[in-house]
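# Per-entry structural report
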Amino acid sequence: MVRLSGSDARRISESILRFRAGHAWNPWTVALADFTDDSLVPVDRVVVAYFAAPRSYTAEDLVEISCHGAPVVLRFCVERACAAGARLAEPGEFTLRAYLNGRIDLPQAEAVRDLIEATTLYQARVAAQQVEGSVSKRIRPVKEQLVELIALLEAGIDFAEDDISVAPVEEILRRLNPIEQTLTALASTFDYGKLVHSGITLAIVGRPNVGKSSLFNRLLEQDRAIVTEIPGTTRDLVSEVAAIHGIPVKFVDTAGIRAGQDLVETLGIERSYRAMADADVTLVVLDLAAPVHPDDLALIELARGQGRWILVGNKADLPRVAEAPGDYIAVSALTGVGIERLREAIAPLASHEQDSGFITSIRHAQLLAESLEALGQARKAAEFGIPHEMLLLDLYAALRPLDSITGATTADDILNRIFSTFCIGK
């Protein structure tokens with residue numbers, strides 16, 4: 001599809017397309033046309049959709065020309081449009097125009113990018129809901145409450161001669177409470193949102209022949225890693241991305257950790273240790289059909305010291321010999337026993353879908369943290385009886401990060417709120 005946006009979209013389309021007799025540009029309808037070359041010889045039969053400003057994606061006149069998909073035809077269509085007066089769009093320019101023209105706000109624009117980059121259906125669904133404004137809908141009421149509080153204090157300072165009373169401390173704190181509580185709850189969703197947006201990296205480690213590669217293949221549900229009975233088959237890192245409950249997980253199969261038999265295997269083991277250090281989650285795999293080895297205990301201690309880890313006992317389909325230290329999840333990479341339980345342990349938050357109004361952007365998380373810090377300062381200022389002129393500085397400092405998420409609040413917004421709320425001057 002070739003998309004044209006702007007005041008000349010229809011003119012340029014008419015110069016490269018040949019419509020049937022009597023064609024009219026009716027908004028939000030489609031029409032058949034012939035895409036022609038310079039000599040008016042048809043190159044493709046296309047479907048043309050027209051969206052009139054301001055009810056289009058960019059809030060401008062917008063024409064979409066759907067070709068049959070041959071790259072050479074699409075390229076030629078773009079060349080013909082440029083020759084007729086169009087220019088190539090910059091990366092993200094259609095969404096930028098939608099934002100600048102007030103069609104969408106900044107969180108919605110960022111969600112469009114997330115939707116394009118989604119690698120799982122759950123990521124796509126979350127991004128699509130955020131495109132509809134799910135994040136903005138949670139922030140906007142809090143911002144309104146904050147603007148109301150600012151207007152209350154501004155009125156008490158600027159219009160004292162009009163019998164507007166100065167807000168007491170109790171009223172200020174009463175209004176601050178729900179603002180802080182809502183923003184704190186929203187900021188806390190970033191732990192889950194970060195998982196949805198970025199996924200996690202999981203390293204599978206253990207001694208040779210405990211079944212790491214078999215477990216890797218079972219979790220991926222495909223034969224990705226080579227599996228043999230020969231110890232040390234895996235010499236380098238093997239990685240693949242799969243989804244667990246909609247969360248992208250990068251699985252990393254590592255070389256079996258033991259005293260290296262040759263230079264290549266030793267290098268592979270060094271990379272295994274690096275993979276453990278870089279991973280968000282480490283699976284330490286034991287062989288339940290063999291006694292626990294000192295190397296197993298050393299790996300467990302290393303994983304425990306590095307962060308989140310899960311102890312997995314493989315070969316649960318065989319007679320159990322190992323006495324694993326601590327809790328573990330028994331699985332069989334061969335039969336699939338225990339695999340679903342392991343999936344739940346890998347991404348426990350992902351197993352419970354939340355509503356889409358959570359924070360997935362680190363930029364939003366940082367801005368919310370800045371706003372909460374300023375609100376905390378405002379609370380202290382109110383409790384210590386600091387003059388309202390100084391208290392307002394903290395409230396404006398709390399408002400600015402929210403403006404960076406949803407869009408700016410102007411001085412007129414504050415004044416309109418004052419004059420619509422208070423009967424001033426009569």
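Relevant structure appears above.
Summarised in this report is the structure supplied together with it. All values derive from a computational prediction rather than experimental measurement.

So, how was this worked out
- Residues numbered from 1 in each chain as written.
- Predicted model: local features only at pLDDT ≥ 70, side-chain atom pairs only at ≥ 80, totals over all residues.
- Heavy atoms only, no water.
- Pairing = 2+ DSSP bridges.
- Helix = DSSP H or I, 4+ residues; strand = E, 2+ residues; numbered from the N terminus.
- Axes fitted to C-alpha atoms, helices over the stretch in contact; angles between N-to-C directions.
- Core = buried A, V, L, I, M, F, W, Y, C linked by side-chain atoms within 4.5 Å.
- Buried < 20%, exposed > 50% of the residue type's maximum accessible area, 1.4 Å probe, protein only.
- Contact = heavy atoms within 4.5 Å.
- Phe/Tyr/Trp six-rings, centres within 6.5 Å; stacked < 30°, edge-to-face > 60°.
- Lys NZ or Arg CZ within 6 Å of the ring centre and 35° of its normal.

### Focus on the sheet that holds strand β1 (residues 2-5)
A sheet is described by the order of its strands in space; here 5 strands give the open sequence β1-β5-β4-β3-β2, paired in antiparallel fashion. Pairing within the sheet leaves two strands with one partner each, and these edge strands are β1 and β2 (17-19). Shown here is a sheet whose adjacent strand axes are inclined to one another by a mean of 35°, direction ignored. Pairing between strand β3 (residues 29-36) and strand β4 (residues 42-51): 8 bridges, direction antiparallel. If you follow Thr 29 over to β4, its bridge partner there is Tyr 50.

### Describing the nonpolar core
Of all hydrophobic cores here, the largest spans 33 residues; its most connected members are Leu 146, Leu 153, Ile 172, Leu 375 and Leu 395. Among the elements of the structure, α6 (134-158), α7 (169-188), α13 (362-383) and α14 (388-406) are those that each provide at least two residues to this core. It is α6 that provides the largest number of residues to this core, a total of 9 residues. Ignoring sequence-local partners within four residues, the contact set of Ile 172 consists of Leu 149, Leu 153, Ala 167, Ala 382, His 388 and Leu 391. Membership of the second largest hydrophobic core comes to 32 residues, among which are Leu 220, Ile 247, Val 249 and Val 331.

### Quick notes on the packing of aromatic side chains
For the coordinates displayed, the defined rule picks out 4 aromatic pairs. The interplanar angle of 75° and the centroid separation of 5.3 Å between the aromatic rings of Phe 19 and Trp 25 together place this pair among those described as edge-to-face. Residue classification places Phe 19 among the buried positions, given a relative accessible area of 17%. Residue Trp 25 is classed as buried on the basis of its relative accessible area of 15%. A centroid spacing of 5.3 Å and a plane angle of 75° characterise the contact between Trp 25 and Tyr 50, whose relative ring orientation is edge-to-face. With a gap of 25 residues between them, Trp 25 in the loop between β2 and β3 and Tyr 50 in strand β4 connect regions that are remote in the sequence. When sorted by exposure, Trp 25 lands in the same class as Tyr 50, which is buried. Taken together, the aromatic side chains of Phe 19, Trp 25 and Tyr 50 make up a single cluster linked through ring pairs. The ring of Phe 94 is capped by Arg 3, whose NZ or CZ atom sits 5.3 Å from the centre of that ring.

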